Amino acid sequence: MHPAYTRYSIMHPTTFASLIGLQQIVCWGTLTYAASVFAPSIAQACGISIAQVMTTYAIGLLTNAAVAPLCTRWVLRVGAFVPACLGLGLMLLACAVLSQASHVAILLCGFMIAGLAMALTQYDFAFLTVSLYMPLQARRVITLITFYGALASSIMWPSAVWLAAHLGTSHAWLALGLISLIVSLPAVVLAYRLPIAPQAPHALDAAHLAPARADRASPGRVVLGLIGLAILGTSIVANLPMVLNMMQTPPAHTAWILSLFGIGQLAARALDYAAGRWFSIRATIVACSSSMLIALALMLLVREQVLACAVFSFVLGAANGLTTILRGVVPQQLFHGQAFATISALLASYGALGRAVAPVLAAYALAMASGLQAMAIIYALVTLLCAALLWQQMTHVPH
C-alpha cells in the first residue's frame, strides 16, 4: 500500500477486530435492522404505507452509494478517526430526526442522514480501515469483524422490538442512537487513536508489492465478481420468507428455519477465522460459490421438505457470510495505492446501490410465473461467472 495511506497499528489484531466488531453490531442494528422493526409504527405516524416507509429507507441507501467514493478518499487522506467520529455523530442525528418523523419529508431526511452515517460506520468503512491499520493481518481481522457483524441481527433486532414495546418508537430511536454512541465512541477512540508504528512490524512493507499488484489485476472484473455475489445473496435474503413460502415450507417451521440463516453465517465465518490461515482465498471463493450453488439447487428442486428447507437456509447463510469476507479480503490482497482507493470506492458505492435496488427487483421476479425456478437458474449461472472472475484475478497475487 502506498506509504501515505498506511497507518500501521501496534494493537493486537484480535483486540482491534473486537473493538470494530462491537461498533458493527450497534451500527448495523441502529441504521439497518431498526427500520424494519419500526416500519409499521412509522407508517401509522406518517400516514403512509409500510412499502412507502421502506422506499424512503432505500433512498437512504442510495445516498450511501452516492457519498461512498468521497468518504473513501477522505479516509485514505486523513485516516479513520475523524471520519468515524463524524459517522457516529450523523448516526445520532439521524436517530433524533427519525424520532420526530410525523411527515414523510422528515422521514426521508432522517433516512438520508442515516445513509451518510452508513458510509462512515458499516462494513465497507471497517474493511478500509483494516487495510490501513492492519494490512498484514487483514484476513483474520476482517473475518472476526464480520463474525461480530453477524451477531447484530440476533442482538439488536430483539433489542429494538423491546425498546419499541416499552418506550414507544420515538423514544426507541433516541435510545438506540445513545446506546450506539456509548458503545461505539470508546471503540473508535481505542482502535484509531492508539500509537501507530511508522512501518509494518516484522514483515515486508506491502508498498513494495504495489506495482506488481495494481498493474496486473483488473479492478472492473474484481468489482463485478464481488458485487455480483453480494447482490445475489442480498436479493434472496431480503425475500427469504417469500422464498420459503414458495418452497412450500410448512408455516409452523418457518421461524426456526429462518433463524438458521444467521447460524450459517456465524458458522462459516467462525470456520474461516479458525482455519483460514491454512486455506487460500481461492479456496474461500470455491467454498462460497459452492454453498450458493447448493442453496440455489435446493431452491429449485425442494418442495414441502422441512429438513431440506432448513439445509437451504443454513447453506445460504454460509454463502452470504463468506461473500462478505471475500469483499473485504480480495481488494486488500490485489490492490494498493490509487488502485486500492478506486476499488474501495467502487465496492462501497455499488454495494449500497445493490442493497437498495436488488431486493425490490427480486421481489418482482419472484411474483412472476415460474419466477422461483427462473431465478435459481439465472443466479446459478451468475454465481459461476462471478466465481470464475475472482478465481482468475487471484492469480495476480504475488507469492
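Going by the structure above, here's the rest.
In this text the structure is predicted, and so the values were computed from the model without any measurement.

**Some details on a nonpolar patch on the surface**
Taken together, the side chains of Ile-59, Leu-62, Met-112, Tyr-350, Leu-353, Val-357 and Leu-361 present a nonpolar region at the surface, about 560 Å² in accessible area. Taken together, the elements giving at least two residues each to the nonpolar patch come down to helix H2 (50–78) and helix H15 (337–367). The greatest single-element share of the nonpolar patch, amounting to four residues, is contributed by H15. By secondary structure assignment, the location of Val-357 is in helix H15.

**Quick notes on the pattern of salt bridges**
The full count for this structure, using the stated rule, is two salt bridges. The residue Asp-124 makes a salt bridge to Arg-327 at a minimum N-O spacing of 3.5 Å. Of this pair, Asp-124 sits in helix H5 (residues 123–133) while Arg-327 sits in helix H14 (residues 306–334), placing them 203 residues apart in sequence. Exposure remark for Asp-124: the relative accessible area of 25% places this residue in the partly exposed category. In this structure, Arg-139 and Asp-272 form a salt bridge, with 2.9 Å as the shortest nitrogen-oxygen distance.

**A short note on helix H4 (residues 104–119)**
Owing to its 3.6 residues per turn, the α-helix aligns residues three or four sequence positions apart on the same side. In this model, H4 (16 residues) spans 23 Å end to end at C-alpha, consistent with the 22 Å of a helix rising 1.5 Å per residue. For H4, every residue scored as buried is listed here: Leu-107, Gly-110, Phe-111, Ile-113, Ala-114, Gly-115, Ala-117, Met-118 and Ala-119.

**Side note on the side chain of Thr-324**
By the secondary structure assignment, Thr-324 is in helix H14. Thr-324 sits in the buried class, given a relative accessible area of 10%. At 3.1 Å, the side chain of Thr-324 and the side chain of Arg-269 are in polar contact. In contact with Thr-324, other than residues within four places in its own chain, are Tyr-123, Phe-127, Thr-146 and Arg-269.

**Observations concerning the environment of Ala-238**
Its place among the elements puts Ala-238 in helix H10 (residues 219–238). By relative accessible area, Ala-238 is classed as partly exposed at 45%. Through-space distance from the C-alpha of Ala-238 to that of Val-360 is 8.7 Å; in sequence the pair is 122 residues apart.

**Digging into the packing of aromatic side chains**
Between two aromatic rings, the relevant description is the distance of the centres plus the angle of the planes. With the rule as written, the count across this model stands at seven aromatic pairs. An angle of 10° between the planes, with centres 5.3 Å apart, marks the rings of Tyr-123 and Phe-127 as stacked. With Tyr-123 and Phe-127 both in helix H5 and four residues apart, this pair spans about one turn of that helix. In terms of burial, Tyr-123 and Phe-127 fall into one category: buried. The structure contains a cluster of three or more aromatic residues connected by ring pairs, namely Phe-16, Tyr-133 and Tyr-192. It is Arg-140 that lies over the ring of Tyr-273; its NZ or CZ is 4.2 Å from the centre.

**Description of empty space enclosed by the protein**
Unfilled space is identified by rolling a water-sized probe across the atoms. Considering all chains together, one arrives at one cavity of 30 Å³ or more under this definition. Here the largest cavity is characterised by a volume of approximately 50 Å³. Together, Thr-30, Leu-31, Ala-35, Tyr-57, Ala-94, Cys-95, Leu-98, Phe-111, Ala-114 and Trp-173 line the largest cavity. For the lining of the largest cavity, the secondary structure elements donating two or more residues are helix H1 (13–46), helix H3 (81–99) and H4. The residue inventory of the lining of the largest cavity, partitioned by class, reads nine nonpolar, one polar and no charged.

**Focus on H1**
For H1, the principal kink sits at Ala-39 and spans about 55°; a proline, Pro-40, occurs within the next four residues. Of all 34 residues in H1, 25 are buried; the element is thus mostly enclosed. Following H1 by one or two positions, Gly-47 has its phi on the positive side, about 70°.

**Considering the nonpolar core**
Phe-16, Phe-38, Leu-107 and Tyr-192 are the most contacted members of the largest nonpolar core, which has 101 residues in total. By residue number, the principal contributor to this core is H1, which donates 18 residues. Ignoring anything within four residues of it in the chain, the contact list for Leu-107 reads Ile-42, Cys-46, Ile-48, Val-53, Thr-56, Leu-98 and Ala-101. Listed in part, the 29 residues of the second largest apolar core include Val-243, Leu-260, Phe-261 and Leu-298.

**What to know about the packing of H1 against helix H6 (residues 138–150)**
As a packed pair, H1 and H6 sit with axes 8 Å apart at the nearest point and diverge in direction by 30°. Viewed along their axes, H1 and H6 adopt a mutual orientation that is roughly parallel. Relative to H6, H1 is oriented so that their crossing is right-handed. Contacts between H1 and H6 pair Pro-13, Thr-14, Phe-16, Ala-17, Ser-18, Ile-20, Gly-21, Leu-22, Gln-24 and Ile-25 from the former with Val-141, Leu-144, Ile-145, Tyr-148 and Gly-149 from the latter. In terms of residue class, the contact of H1 with H6 is made up of 10 nonpolar, five polar and no charged.

**What about the environment of Ala-352?**
The topology assignment puts Ala-352 in helix H15. Along the backbone, Ala-352 and Phe-312 are 40 residues apart, and their C-alpha atoms lie at a distance of 26 Å. Once residues within four sequence positions are removed from consideration, Ala-352 is found in contact with Leu-61, Asn-64 and Ala-65.

**Overview of the packing of helix H13 (residues 281–301) against helix H16 (residues 371–393)**
When two helices pack together, their arrangement is captured by the angle between the axes and the distance separating the axes. Where H13 contacts H16, the two axes come as close as 9 Å, and the packing angle between them is 170°. What the angle tells us is that H13 and H16 run roughly antiparallel. Of the residues in H16, those touching H13 at Arg-282, Ile-285, Val-286, Ser-289, Met-292, Leu-293, Leu-296, Met-299 and Leu-300 are Leu-372, Gln-373, Met-375, Ala-376, Ile-377, Tyr-379, Ala-380, Thr-383, Leu-384, Ala-387, Leu-390 and Trp-391.

Definitions and limits used
- Residues numbered from 1 in each chain as written.
- Predicted model: local features only at pLDDT ≥ 70, side-chain atom pairs only at ≥ 80, totals over all residues.
- Heavy atoms only, no water.
- Patch = residues over 30% accessible without salt bridge, like charges linked within 9 Å, V, L, I, M, F, W, Y side chains within 5 Å.
- Areas by Shrake-Rupley, 256 points an atom, 1.4 Å probe, with all protein chains shown as cover.
- Salt bridge = Lys/Arg side-chain N within 4 Å of Asp/Glu carboxyl O.
- Helix = DSSP H or I, 4+ residues; strand = E, 2+ residues; numbered from the N terminus.
- Buried < 20%, exposed > 50% of the residue type's maximum accessible area, 1.4 Å probe, protein only.
- Expected span 1.5 Å × (residues − 1).
- Polar contact = N/O pair within 3.5 Å; in protein donor to acceptor, adjacent residues only side chain to side chain.
- Contact = heavy atoms within 4.5 Å.
- Phe/Tyr/Trp six-rings, centres within 6.5 Å; stacked < 30°, edge-to-face > 60°.
- Lys NZ or Arg CZ within 6 Å of the ring centre and 35° of its normal.
- 1 Å grid on protein atoms, 1.4 Å probe; cavity = no way out; pocket = protein on both sides within 12 Å on 5 of 7 lines; lining within 4 Å.
- Points joined across faces, edges and corners; volume = space filled by probe spheres on them.
- Nonpolar A, V, L, I, M, F, W, Y, C, P; charged D, E, K, R; others polar.
- Bend = angle between axes of the 7 residues up to and from the residue.
- Core = buried A, V, L, I, M, F, W, Y, C linked by side-chain atoms within 4.5 Å.
- Axes fitted to C-alpha atoms, helices over the stretch in contact; angles between N-to-C directions.
- Parallel < 35°, antiparallel > 145°, perpendicular 65-115°, else oblique.
- Left-handed = near helix turned anticlockwise from the far one by under 90°.

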